[in-house]
Amino acid sequence: MKVLVTGGAGYIGSHTLKALREEGIETLTFDNLSTGHEWALLGSQLFIGDLSDYGTIKKAISLFKPDAVIHFAASIQVGESVLNPLLYYSNNLKNTINLLNAMIENNVNKIVFSSSAAVYGIPQSNQPVKEINITLPINPYGQTKLMIEKILSDMAHANQIEYISLRYFNAAGADSNSLIGQAYKYATHLITRALKTAKGEFDKLEIYGANYPTPDGTCIRDYIHVDDLAQAHLSALRALNYNIKNEIFNIGYGTGYSVQEVIMKAKEITNIDFKVVTVQRREGDPPFLVADNTKIKELLKWVPKYDSLNYIIQTAWEWEKKLSKLQ
Ligand code: UDP
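Quick look at the structure, then. (Residues numbered from 1 in each chain as written. Predicted model: local features only at pLDDT ≥ 70, side-chain atom pairs only at ≥ 80, totals over all residues. Heavy atoms only, no water.)

1. Structural notes on empty space enclosed by the protein
Piece 1. On inspection of all chains with the given rule, the structure shows 1 cavity of 30 Å³ or more.
Piece 2. As for the largest cavity, its lining consists of 13 residues, of which A9, G10, Y11, H37 and A183 are closest to the centre. (1 Å grid on protein atoms, 1.4 Å probe; cavity = no way out; pocket = protein on both sides within 12 Å on 5 of 7 lines; lining within 4 Å. Points joined across faces, edges and corners; volume = space filled by probe spheres on them.)

2. What to know about the packing of helix α4 (residues 85-105) against helix α5 (residues 140-157)
Piece 1. Two elements in contact, α4 and α5, have axes whose closest approach is 9 Å; the angle formed by their N-to-C orientations is 20°. In this view, α4 runs roughly parallel relative to α5, as classed from their interaxial angle. The interaxial crossing formed by α4 with α5 has right-handed handedness. Here P85, Y88, Y89, N92, L93, T96, I97, L100 and I104 of α4 come into contact with α5, specifically with P140, Y141, Q143, T144, M147, I148, I151, L152 and M155. (Axes fitted to C-alpha atoms, helices over the stretch in contact; angles between N-to-C directions. Helix = DSSP H or I, 4+ residues; strand = E, 2+ residues; numbered from the N terminus. Parallel < 35°, antiparallel > 145°, perpendicular 65-115°, else oblique. Left-handed = near helix turned anticlockwise from the far one by under 90°. Contact = heavy atoms within 4.5 Å.)

3. Quick notes on the side chain of T27
Piece 1. Along the chain, the position of T27 falls in strand β2 (residues 26-31).
Piece 2. A relative accessible area of 5% places T27 in the buried class.
Piece 3. Each residue touching T27, except ones within four places of it in the same chain, is listed here: V3, L17, L20, R21, S44, Q45 and F64. (Buried < 20%, exposed > 50% of the residue type's maximum accessible area, 1.4 Å probe, protein only.)

4. Thoughts on the environment of V69
Piece 1. With respect to the helices and strands, the residue V69 is situated in strand β4 (residues 68-71).
Piece 2. Residue classification places V69 among the buried residues on the basis of a relative accessible area of 0%.
Piece 3. Each C-alpha atom of the pair V69 and T29 lies 9.9 Å from the other, and the pair is 40 residues apart in sequence.
Piece 4. Leave out the neighbours within four places in its chain, and V69 touches L4, T6, L99, M103, V108, K110, I111 and V112.

5. Some thoughts on the site of the ligand
Piece 1. Near the ligand lie 15 residues; those nearest to it are L190, E206, R221, R282 and D285.
Piece 2. For the ligand, an oxygen atom lies 2.8 Å from a polar atom in the backbone of L190.
Piece 3. Bound to the protein, the ligand loses 89% of the 520 Å² it would expose on its own.
Piece 4. Of all the secondary-structure elements, those providing two or more residues to the shell around the ligand are α6 (190-199) and β8 (205-208). (Near = heavy atom within 4 Å. Polar contact = N/O pair within 3.5 Å; in protein donor to acceptor, adjacent residues only side chain to side chain. Areas by Shrake-Rupley, 256 points an atom, 1.4 Å probe, with all protein chains shown as cover.)

6. Focus on the environment of I272
Piece 1. In this structure, I272 sits in the loop between α8 (259-270) and β13 (276-279).
Piece 2. Owing to a relative accessible area of 31%, I272 belongs among the partly exposed residues under this scheme.
Piece 3. The residues contacting I272, other than those within four sequence positions of it, are A198, K267 and W317.

7. Some words on the layout of surface pockets
Piece 1. Each pocket or cavity is described by its volume, and for the second largest pocket that value is around 280 Å³.
Piece 2. Forming the boundary of the second largest pocket are 17 residues, of which E22, D227, Q231, K305 and Y306 lie nearest the centre.
Piece 3. Sorting the residues of the lining of the second largest pocket by element identifies α1 (11-22) and α7 (226-241) as the ones contributing at least two each.
Piece 4. Ranked by the residues each element gives to the lining of the second largest pocket, the list is headed by α7, at 6 residues.
Piece 5. When grouped by side-chain class, the residues that make up the lining of the second largest pocket number 5 nonpolar, 4 polar and 8 charged. (Nonpolar A, V, L, I, M, F, W, Y, C, P; charged D, E, K, R; others polar.)

8. Topic: the sheet that holds strand β9 (residues 220-221)
Piece 1. Read from one edge to the other, the open sheet built from 3 strands follows the order β12-β9-β14, with strand pairing classed as mixed. Of all the strands in the sheet, just β12 (257-258) and β14 (288-289) have a single pairing partner and so form its edges.
Piece 2. Summarising the sheet, β9 and β12 pair through 2 bridges and their orientation is antiparallel. Bridge assignment links I220 to a residue of β12, and that residue is S258. (Pairing = 2+ DSSP bridges.)

9. Side note on the sheet that holds β2
Within a beta sheet, neighbouring strands are joined by backbone hydrogen bonds and run either parallel or antiparallel to one another.
Piece 1. One open sheet accounts for 7 strands, arranged β3-β2-β1-β4-β5-β6-β11; its pairing is parallel. Unpaired on one side and paired on the other, β3 (46-48) and β11 (247-251) mark the two borders of the sheet. Ignoring strand direction, the axes of neighbouring strands in this sheet form an average angle of 20°.
Piece 2. Summarising the sheet, strand β5 (residues 110-116) and strand β6 (residues 162-168) pair through 7 bridges and their orientation is parallel. In the strand pairing of β6, S114 is matched with L166.
Piece 3. Across the sheet, helix α2 (residues 54-64) touches β1 (2-6), β2 and β3, and the angle it forms with β2 is around 170°.

Written as C-alpha cells, this is what we have:
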C-alpha cells in the first residue's frame, strides 16, 4: 500500500509516518517545511511543495500514485486564526480543496483527515462529547476543520471520495525513544509550555484562568499520547480498505485532567518546582473538553496503549531534554 502524507514533517504527521513505515506501508510526505522539519521524516521520502500550488500537488500525486492520502498539513494555532482568519481559510480550506481536486484528477479516492475537537466549540455540559454533539466552532481554526468535514461529506455523497475524519483532542507526548517529538518554534500547548518552563526557557507558566466551573477552577482536557493518535490513522486506513467509510471519530481517552493536575504532574516528573501564576482567562477556552471514544473503539477496534498522563509527560520531557541538545 502507498500513502501520501501531507504535513508528514509536523508533530502528529511524523509520528504517524513512523507508524505507517513500521507496518511496511510506502509513504511520500508532501510538506512545505514551514513548521515541520526534515529530520522528523527519519529518512523517508519527501516532496517539498505547498498545497496552495495546485500544479505541484497534482504532480506529486500523479508521480507517486498513492492508494490513499492522510491530510495533516494545516495551520493550527487558534489565537492566530482569530487574528488572521483569511490565512486559515486559505491555508486550510482552499489548500484542502486543491488537494481534493488533485486526488480526483488522479483517481485517488481515499482520504483520512485531521480534524479537531475545536469543531465542538464550547459544549453545553461537562460531559464527554460524542461525534453527534452539536458542532459550533468559536474560532476560524475550528470553522475550517468543520467546513472541510462538510466538503468531504458532500463529495462522499457524490461518490467522489471515501473518507474518515479524526477529531483530535489534546495531542501530547513523544516517541518512546525520543527520535521525534513536538518542535514548534512557538509552543502554545500546556504540557510543552510547562516543560519548557521547567527547562528555564520561560521564567513562569501562566494558568489561563482558575475560576472555571470545574473542581479546582482550571480547565479540563483529554490529553492523548501522539503514538495512540498515530495508530488511529492506521486503523482508519484499514477501515477504508474494509469498507468502513465516510465516518467521523473522536480520538481521546475519555479521561480529563485539569490544568492544575497537569502542572503538578509536570513538576513531579521533572523534579523542578517552576514558577506558576494565574492570569486572565484565554478567549474561547471551554471549561471541559473530553472525548467520548466509544465509536472509534467499537467501529475501528482502536485500542489505546498509552492512556497515562505519567507516560505522556515523561516522553515529552525526555524529548524536550533532547531538543535542547539539538538546538
Ligand atoms: N493553558 C494554560 N497555560 C498555558 C497553555 C495552556 O493555562 O500556557 C490551558 C488552556 O487555557 C487550556 C489548557 O491549558 O485550558 C489546554 O490548552 P492547550 O493550548 O494545550 O490546548 P487546547 O485545549 O487549547 O487545544
